[in-house]
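Analysis of the macromolecular model
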Amino acid sequence: MITDKKTAIEIQRATQSKISEIDFSNLDFGNVFTDHMLECDYKDGKWQTLKIRPYGPISLDPSAKVFHYGQAIFEGMKAYKGDDDSIWMFRPDENQKRLNTSAVRLAIPEFPKDLFFDGLETLLNIEKDWIQKEEGSSLYIRPFVIATESGVSANPAKEYKFMILCSPAQSYYSGEVRVLFADTYSRSASGGVGFAKCAGNYAGQFYPTKLANDAGYQQVVWTDASTHENLEEAGTMNVFFRIGDTLITAPTSDRILDGVTRKSVLALAEDKGLQVEVRTISVYEIEAAAKAGTLKEMFGAGTAAVINPIVGFNFQGVDYELPKSENSYADYFKKAITDIQTKKSEDKFGWTYKVRNL
Ligand code: COI
């Protein structure tokens, strides 16, 4: 990890904080932002000086390539505050690496690790009052890169902007989550960009997800594009199934996001000695298990959602409800992960990272 801050950062402080206007006990995910944001431009073949300035609009030429060709990638991370007011992050190296994996696929220049951590940690120190200690609270961090070069020729931009925004957060989903197994639309295909955290992966889901929402389901669980038989991920979360006492999830591939929460669940499951299978999961197997009463749980795992139980699913027009589970795996993983994140339990995996006091 990074040891010393080497990076010069231009900092312009907000004249007045908005924090006293915020009701931290009643937050709608992703709609409130802190007082400052970080930005860094790429031009003349290199990333320029990091800048932190008051949160506000940015100005772009209407022909900027991000608007026309969707060269845009992002990450989702969280920061937490310990009892002694120290600031902690959860596996931030994974997000930093994945941002650059996405960058390569979208023909965007990679963002250097030292700039990423020096900028992020400086911003977190400035915004530390926005990180609440209450259970379930965190500061959601949204790093992203967009193509800012003007001109509508269809080729990779020569200019980009990297930014980090911070948003105080509680839970992502409120209420019960029921899902629809996709049998018409697809999220990704082999050789495509499904594994990348790029904006278009999300835009492409909005219409089918809206149809699902209108029909009473909060999310779509995507299936493979060629047969619609194998369950892949839920777009905002990776998905886990519990049949009997076996925990099952799909292997990551070029169609599926390699989720940080997903890999943490797998490590915790192994540590607890659970029976785990990372393999192809057919919709027919889940349907048969639901009919036989052996499908005990489904849940989603993601940074924003943490661990979110799924209480029912629809497959080809038929609704299935899951039983209320005693000794639920979802509850176990949620508590285990959030206790590590918030330093309430020992972190024997070395996943937590103490933000430097820059
Ligand atoms: C995250 O979990 O951080 C994500 O990026 C999902 C997003 C749709 C909120």
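Residues numbered from 1 in each chain as written. Predicted model: local features only at pLDDT ≥ 70, side-chain atom pairs only at ≥ 80, totals over all residues. Heavy atoms only, no water.

Our next topic: the site of the ligand. The environment of the ligand is made up of F74, G76, Y140, R142, Y172, K197, Y202, T236, T303 and A304. Here Y140 contributes a side-chain N or O atom positioned 2.6 Å from an oxygen atom of the ligand. Measuring from an oxygen atom of the ligand, one finds a side-chain N or O atom of K197 at 2.7 Å. For the ligand, the accessible surface in isolation is 280 Å², of which the surrounding protein chains cover 91%. Of all the cavities here, the one that holds the ligand is the largest pocket. In the shell around the ligand, the residues fall into 5 nonpolar, 3 polar and 2 charged. Split by domain, the shell around the ligand shows at least three residues from each of two domains, domain 1 (9-171) and domain 2 (178-335). (Near = heavy atom within 4 Å. Polar contact = N/O pair within 3.5 Å; in protein donor to acceptor, adjacent residues only side chain to side chain. Areas by Shrake-Rupley, 256 points an atom, 1.4 Å probe, with all protein chains shown as cover. 1 Å grid on protein atoms, 1.4 Å probe; cavity = no way out; pocket = protein on both sides within 12 Å on 5 of 7 lines; lining within 4 Å. Sits in = over half its atoms within 2 Å of the grid points. Nonpolar A, V, L, I, M, F, W, Y, C, P; charged D, E, K, R; others polar. Domains from an automatic or database assignment.)

Under the domain assignment, the chain is made up of domain 1 (9-171) and domain 2 (178-335). Taken over C-alpha atoms, the centre of domain 1 sits 28 Å from the centre of domain 2. In this assembly, 18 residues from domain 1 lie in contact with 18 residues from domain 2. When domain 1 packs against domain 2, the two sides together hide about 1,500 Å² of surface, and 62% of this comes from carbon and sulfur. (Contact = heavy atoms within 4.5 Å. Buried area = accessible area lost by both parts, 1.4 Å probe.)

What follows covers the pattern of salt bridges. Under the counting rule described, the total for this entry stands at 24 salt bridges. The partner of R178 in a salt bridge is E321, with the nearest N and O atoms 2.8 Å apart. Here the residue R178 occupies a position in strand β10 (residues 177-181), and E321 occupies one in strand β17 (residues 318-321), the gap between them amounting to 143 residues. Salt bridges linked by common partners bring E39, D41, R53 and K161 together as one network. (Salt bridge = Lys/Arg side-chain N within 4 Å of Asp/Glu carboxyl O. Helix = DSSP H or I, 4+ residues; strand = E, 2+ residues; numbered from the N terminus.)

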